[in-house]
Amino acid sequence: MPHAVPPGTTPLLDLDEPWALGSAGPRLRAVRRAAEGLRHRFAAGPRAVAVRTLPVVVSPYPTKYAFFGAALSPAPYVLITHRCLVVQFLQAGELRTLLFNPTDVAGARATPYFARLAARIPERIQRAIAREPEPLVDQLAHLGVRPGDVDYVAWDHLHVQDLRPILGTADGRVSARFPNATLLASRAEWSDWDDLHPLQRAWYVRDGKLGVQTARVSLTTGDLMLGDGVMLLRTPGHTSGNQTLFLNTDSGVWGVSENGTCADSWAPMDSRIPGLRALARRQDVDVVLNANTPERGADQYTSMILERTVVDRVKRAPAFVQMLPSSEVTPSALSPALQPTILHRAISHGQLATPQRRPRAAE
Ligand SMILES: [Zn+2]
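Note that the structure is predicted; figures quoted are calculated from it, not measured. (Residues numbered from 1 in each chain as written. Predicted model: local features only at pLDDT ≥ 70, side-chain atom pairs only at ≥ 80, totals over all residues. Heavy atoms only, no water.)

A.B. asks: Can you help me understand the overall build of the chain in this one?
C.D. replies: Assigned secondary structure in the chain consists of eleven helices and 16 strands. On C-alpha atoms alone, the chain measures out to a radius of gyration of 19 Å, which is about the 21 Å that the 2.2 N^0.38 rule sets for 363 residues. Taken along the three principal axes of its C-alpha coordinates, the chain extends 60 × 50 × 40 Å. Counting every position in the chain, which comprises 363 residues, the buried fraction comes to 57%. Looking at the chain, you have 40 positive and 34 negative side-chain charges, and the mean spots of the two groups are 4 Å apart. (Helix = DSSP H or I, 4+ residues; strand = E, 2+ residues; numbered from the N terminus. Rg over C-alpha atoms; globule rule 2.2 N^0.38 Å. Buried < 20%, exposed > 50% of the residue type's maximum accessible area, 1.4 Å probe, protein only. Lys, Arg positive; Asp, Glu negative; His and termini not counted. Charge placed at Lys NZ, Arg CZ, Asp CG, Glu CD.)

A.B. asks: Quick question: what am I supposed to make of unusual backbone geometry here?
C.D. replies: Positive phi values are uncommon outside glycine, yet Ala92 reaches one of about 50°. Locating Ala92 in the fold gives a position in the loop between strand S3 (77-91) and strand S4 (94-100). Even without glycine at this site, Val160 takes up a positive phi of about 60°. Here Val160 is to be found in the loop between strand S5 (152-154) and helix H8 (164-167). Given the relative accessible area of 16%, Val160 is considered buried.

A.B. asks: Looking at this structure, I do not really get the coordination of the zinc ion. What am I missing?
C.D. replies: Coordination angles at a metal have ideal targets, namely 109.5 degrees for four tetrahedral donors and 90 or 180 degrees for six octahedral donors. Coordination of the zinc ion by the protein is provided by His157 (NE2), His159 (ND1) and His238 (NE2), with metal-donor distances spanning 2.0 to 2.1 Å. Look at where the donors of the zinc ion fall in the sequence and you get H-x1-H-x78-H. Of this pair, His157 sits in the loop between S5 and H8 while His238 is found in the loop between strand S9 (230-234) and strand S10 (243-249), placing the two residues 81 residues apart along the sequence. Per residue, the accessibility class of His157 equals that of His238, and both read buried. (Donors = N, O, S within 2.8 Å, 3.2 Å for Na, K, Ca; no water.)

A.B. asks: Sorry, what's going on with the pairing of strand S2 (residues 50-62) here?
C.D. replies: Regular strands have side chains that alternate between both faces of the sheet. A large share of S2 lies buried, amounting to twelve of its 13 residues. Bridge analysis of S2 against S3 gives twelve bridges, and the strand direction is antiparallel. Bridge pairing links Pro55 to Arg83 in S3. As paired strands, S2 and strand S16 (residues 349-350) are joined by two bridges and run antiparallel to one another. Each residue of the ladder has a partner; that of Ala50, found in S16, is Gly350. (Pairing = 2+ DSSP bridges.)

A.B. asks: Please clarify how the nonpolar core should be interpreted in this entry.
C.D. replies: The nonpolar side chains of soluble globular proteins are, as a tendency, buried together. Grouped together as the largest cluster of nonpolar side chains are 47 residues, with contacts concentrated most on Leu15, Phe67, Val78, Met231, Leu233, Phe246 and Leu306. Those elements that provide at least two residues to this core are helix H2 (24-44), helix H3 (63-66), S3, helix H5 (112-120), S9, helix H10 (276-283) and helix H11 (297-310). By residue number, the principal contributor to this core is H2, which donates six residues. Other than its neighbours up to four places away in sequence, Leu15 contacts Val31, Ala34, Ala35, Leu38, Asp223, Leu233, Arg234 and Leu306. One finds Val105, Ile166, Leu167 and Leu219 within the second-largest nonpolar core, a separate group that totals 30 residues. (Core = buried A, V, L, I, M, F, W, Y, C linked by side-chain atoms within 4.5 Å. Contact = heavy atoms within 4.5 Å.)

A.B. asks: When you look at the packing of H2 against H11 in this model, what are you seeing that I'm missing?
C.D. replies: Two packed helices can be described by the angle between their axes and the distance between those axes. Remark: H2 packs on H11, axes separated minimally by 8 Å, with the N-to-C direction vectors making an angle of 20°. It follows from the interaxial angle that H2 and H11 lie roughly parallel. Pair H2 / H11 crosses with right-handed handedness. Residues Ala24, Arg27, Leu28, Val31, Arg32, Ala35, Glu36 and Arg39 of H2 form the contact with H11, whose participating residues are Ala298, Asp299, Tyr301, Thr302, Ile305, Leu306, Thr309 and Val310. Among the residues making up the contact of H2 with H11, the classes are represented as nine nonpolar, two polar and five charged. (Axes fitted to C-alpha atoms, helices over the stretch in contact; angles between N-to-C directions. Parallel < 35°, antiparallel > 145°, perpendicular 65-115°, else oblique. Left-handed = near helix turned anticlockwise from the far one by under 90°. Nonpolar A, V, L, I, M, F, W, Y, C, P; charged D, E, K, R; others polar.)

A.B. asks: Just checking my understanding: could you explain the environment of Asp156 for this structure?
C.D. replies: In this structure, Asp156 sits in the loop between S5 and H8. Separated by 28 residues in the primary sequence, Asp156 and Leu184 have C-alpha atoms spaced 10.0 Å apart. Not counting the four nearest positions on each side in its chain, Asp156 is found in contact with Phe100, Asn101, Gly241, Asn242, Gln243, Ser257, Glu258 and Ser326. At a separation of 2.8 Å, a polar atom in the side chain of Asp156 contacts the side chain of His157. (Polar contact = N/O pair within 3.5 Å; in protein donor to acceptor, adjacent residues only side chain to side chain.)

A.B. asks: What is the right way to read the environment of His142 from this model?
C.D. replies: Along the polypeptide, His142 turns up in helix H7 (residues 136-142). A distance of 2.9 Å separates a polar atom in the side chain of His142 from a polar atom in the side chain of Glu134.

A.B. asks: Explain the packing of aromatic side chains to me, please; I cannot follow it from the model alone.
C.D. replies: A ring pair, where both rings are aromatic, is described by two values, the distance of the centres and the angle of the planes. Under the counting rule described, the total for this entry stands at ten aromatic pairs. Judged by centre distance (6.1 Å) and plane angle (75°), the rings of Tyr65 and Trp203 are edge-to-face. Remark: Trp203 occurs in the loop between helix H9 (187-194) and strand S7 (217-220) and Tyr65 occurs in helix H3; sequence separation between them is 138 residues. On the basis of an interplanar angle of 20° and a centroid distance of 4.4 Å, the ring pair of Tyr113 and Trp203 is categorised as stacked. With Tyr113 in helix H5 and Trp203 in the loop between H9 and S7, this pair connects stretches of sequence that are 90 residues apart. By relative accessible area, which is 12% here, Tyr113 ends up buried. Trp203 gets classed as buried once you look at its relative accessible area, which sits at 4%. One aromatic cluster is present, built from ring pairs that chain together Tyr61, Tyr65, Tyr113, Phe114 and Trp203. (Phe/Tyr/Trp six-rings, centres within 6.5 Å; stacked < 30°, edge-to-face > 60°.)

Here you go:
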């Protein structure tokens, strides 16, 4: 089947054959090999224009999921900070703006898992631990980015998302927060969301895309170069349509996804979190999955190896790689023994520009 290619983007075919291999072991080796070639091309190519990282929400998350059940701690929850990236890049010479993970915080509360969790944790404790930074649109305004300037929105995956306030609804009842943005989402996950398997239900907002405007939804089937220094690669496993954003910056190549929850997830042998190194030794594994969705673990593992292969190492701590978890475990009194060995917190690169307001071509 030919790839669906959103306007302005370029398909990348390197990983098509490796991902299509039938057996998980050979698939892992082939994906790693193809990722090495792609990494060389991407790192030697042009850089993105600018990247900024903005906090969206801080929330509790079960320790057993965050570390694949490996962390030795009685703390049932860790805190995770979910973040959005603003990325500007050139696409055929034109400046484009992408928001990666512009999650609607109010909508996310309807996620069945979090709704059940909220019912179990007393309100005053929830208020004490959950922090909500300034609304994303206000944070963007401080940076000179207006809602109408955003050309693309995408998420690493669609868990906890309510797309209605982002894209607006076709009946006009909900208006679009980013009126000129095209959503880049995987066709596979979009279809899953229509008819969820019981193992998927806990993490999707059931009506999160009901009645949304679809004119600006672009469903993807393969890997994409969005423009200079920015690519969006399939990294299936955590969900069927999981994807990872890769950025070529002044500090090297970075990736962003939720396949892991902190730097340790991609380098467990060098982790100081009790239990992670032992798990890696015992099971002879190179990565530790963010494991709230068990259905496609082998693919998630392969996706994390792909990520580790494409990005650069951290200069101040070369045992770790430049994978920014889109929800990163954050030091807290909830789980004092579960501090990530290093924290990434943010990717910052270049200077954001205010795009010229341009008339949209009639479509
Ligand atoms: Zn998820």
